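Summary of structural features
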Amino acid sequence: GVCTRGTQKGSDMQDLRLPVGLRIPRLVAVGVNAGLALGSLGLWIVAYVQQLTWRADFTAFYTGWSLVANGLGQRLYDYRLQMVTQQQILGGGYLAGGLLPFNYPPHVALLFAPIALLPLDSAYLVWSVLQLSVLTWLCRALWKHLEAECVSVQGRVLGISTTVALPAMLAALFLGAFSVFMLLGWLNFALALRRQDDRRAGLWVILLTLKPQIAVVPALVLLAGRRWKAIGVMVGGGLILVAVTALALGVGI
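Residues numbered from 1 in each chain as written. Predicted model: local features only at pLDDT ≥ 70, side-chain atom pairs only at ≥ 80, totals over all residues. Heavy atoms only, no water.

Within the protein chain one finds 12 helices and zero strands. Scored against the burial criterion, the 253 residues of the protein chain give a buried share of 40%. Taking contacts inside the protein chain between residues at least 6 apart in sequence as the whole, the part at least 24 apart equals 71%. Of the roughly 13,800 Å² that the protein chain leaves accessible, carbon and sulfur atoms contribute 68%. (Helix = DSSP H or I, 4+ residues; strand = E, 2+ residues; numbered from the N terminus. Buried < 20%, exposed > 50% of the residue type's maximum accessible area, 1.4 Å probe, protein only. Contact = heavy atoms within 4.5 Å. Areas by Shrake-Rupley, 256 points an atom, 1.4 Å probe, with all protein chains shown as cover.)

What follows is the structure, given as structure tokens:
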């Protein structure tokens, strides 16, 4: 059923009148989540101040983006060139094996190449702000979804604080990975299908192609469900990405 504003208020008020013994565990859980999130943020800041972030996945991203920013996009997957470029970026240093390679699709490098115009530390900071913005978007979408499902305010706070406090979330943010983007894409893809909004569902699959292996299951879901409008948007958007990338970096890429 549809949760109206009136019944939502009633649900919240009923939740607030729960016996103290039932409210305390939920409040403790929210407090623990808040502590974990703040602690993670503190560790993240310490790592940045101590210049430890160069060991993260972001260095691989920055390497690929730098090649495109410097007009070498046609050699994006030349790993020897990647190694030389990465070691120059790190001032002669190197990661395990000599190279943490950029092995993402070319449109990823094309999309984020402007960030590589900044020094590595500054670029990492900009990327972190972008990640936090995406995390905020994710929390907002999750809040609206839980509200529509008639979850109380306390329940929504608990759900979102648990998401933010996950150790895997800290790891993803510290490494500069695309995990937050993927989680946002998965959530909105599922919500679009529930609303029968096939066009948006197809668009969210296109976002998931930042990590193509993550887009496989949603694409199969659309095929199995014969969601032809969503499939059309997905394929059409994919062809546009291919065309733009080919024009910018060469057909060979």
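Anyway, onward from the coordinates.
A contiguous nonpolar surface patch, about 400 Å² in accessible area, is contributed by Leu38, Leu41, Ile45 and Val49. For Leu38, a relative accessible area of 61% translates into the label exposed. (Patch = residues over 30% accessible without salt bridge, like charges linked within 9 Å, V, L, I, M, F, W, Y side chains within 5 Å. Salt bridge = Lys/Arg side-chain N within 4 Å of Asp/Glu carboxyl O.)

Counted according to the given criterion, the structure contains 17 aromatic pairs. Linked through ring pairs, Phe58, Phe61, Tyr62, Trp65, Phe102, Tyr104, Phe112, Tyr124, Trp127, Phe178 and Phe181 together constitute an aromatic cluster. (Phe/Tyr/Trp six-rings, centres within 6.5 Å; stacked < 30°, edge-to-face > 60°.)

Tallying each qualifying case throughout the model produces five salt bridges. Taking the shortest distance from any N to any O, the salt bridge between Glu149 and Arg194 comes out at 3.1 Å. With Glu149 in the loop between helix H6 (120–148) and helix H7 (153–165) and Arg194 in helix H9 (residues 179–194), the pair connects residues that are 45 residues apart, well separated along the chain. A residue is classified by how much of its surface remains accessible, and Glu149, at 40% relative accessible area, is partly exposed. Linking Asp197 and Arg200 is a salt bridge whose minimum nitrogen-to-oxygen distance equals 3.6 Å. For Asp197, a relative accessible area of 22% gives the class partly exposed.

Turning to the packing of helix H3 (residues 58–69) against H6, a few remarks are in order. Following both chains from N to C, one finds H3 and H6 inclined at 110 degrees, their axes separated by 11 Å at the closest point. One element, H3, and the other, H6, form an angle in the roughly perpendicular class. In this structure, H3 uses Phe58, Tyr62 and Trp65 to contact H6, whose residues at the interface are Leu120, Ala123, Tyr124 and Trp127. For the contact of H3 with H6, the per-class residue count stands at seven nonpolar, no polar and no charged. (Axes fitted to C-alpha atoms, helices over the stretch in contact; angles between N-to-C directions. Parallel < 35°, antiparallel > 145°, perpendicular 65-115°, else oblique. Nonpolar A, V, L, I, M, F, W, Y, C, P; charged D, E, K, R; others polar.)

What helix H10 (residues 198–208) keeps buried is the set Asp198, Ala201, Gly202, Trp204, Val205, Ile206 and Leu208. Considering only its buried residues, H10 is in contact with H6, H9, helix H11 (212–224) and helix H12 (228–249).

What follows covers H9. Here H9 is 16 residues long and its end C-alpha atoms lie 23 Å apart, about the 22 Å a rise of 1.5 Å per residue gives. Contacts from the buried residues of H9 go to H6, helix H8 (167–175), H10 and H11. (Expected span 1.5 Å × (residues − 1).)

The next point concerns the confidence of the model for the protein chain. Taken as a whole, the protein chain shows an average pLDDT of 86; of its residues, 88% reach a score of 70 or greater. Confidence, expressed as mean pLDDT per element, reaches its minimum in the protein chain at helix H1 (residues 5–16) with 45 and its maximum at H12 with 96. The low-confidence segment residues 5–16 (pLDDT under 50) makes 17 contacts with residues lying over four places distant or belonging to another chain. (pLDDT = per-residue confidence, 0-100.)

Right, let's get into the nonpolar core. Among the nonpolar cores identified, the biggest contains 55 residues, and Phe58, Trp65 and Phe178 are the most heavily contacted of them. For this core, the secondary-structure elements that each account for two or more residues are H3, helix H5 (106–112), H6, H8, H9, H10, H11 and H12. Counting residues per element, this core draws most heavily on H6, at 11 residues. Beyond its immediate stretch of four places on either side in the chain, Phe178 contacts Phe61, Tyr104, Val108, Phe112, Trp127, Leu210 and Lys211. (Core = buried A, V, L, I, M, F, W, Y, C linked by side-chain atoms within 4.5 Å.)

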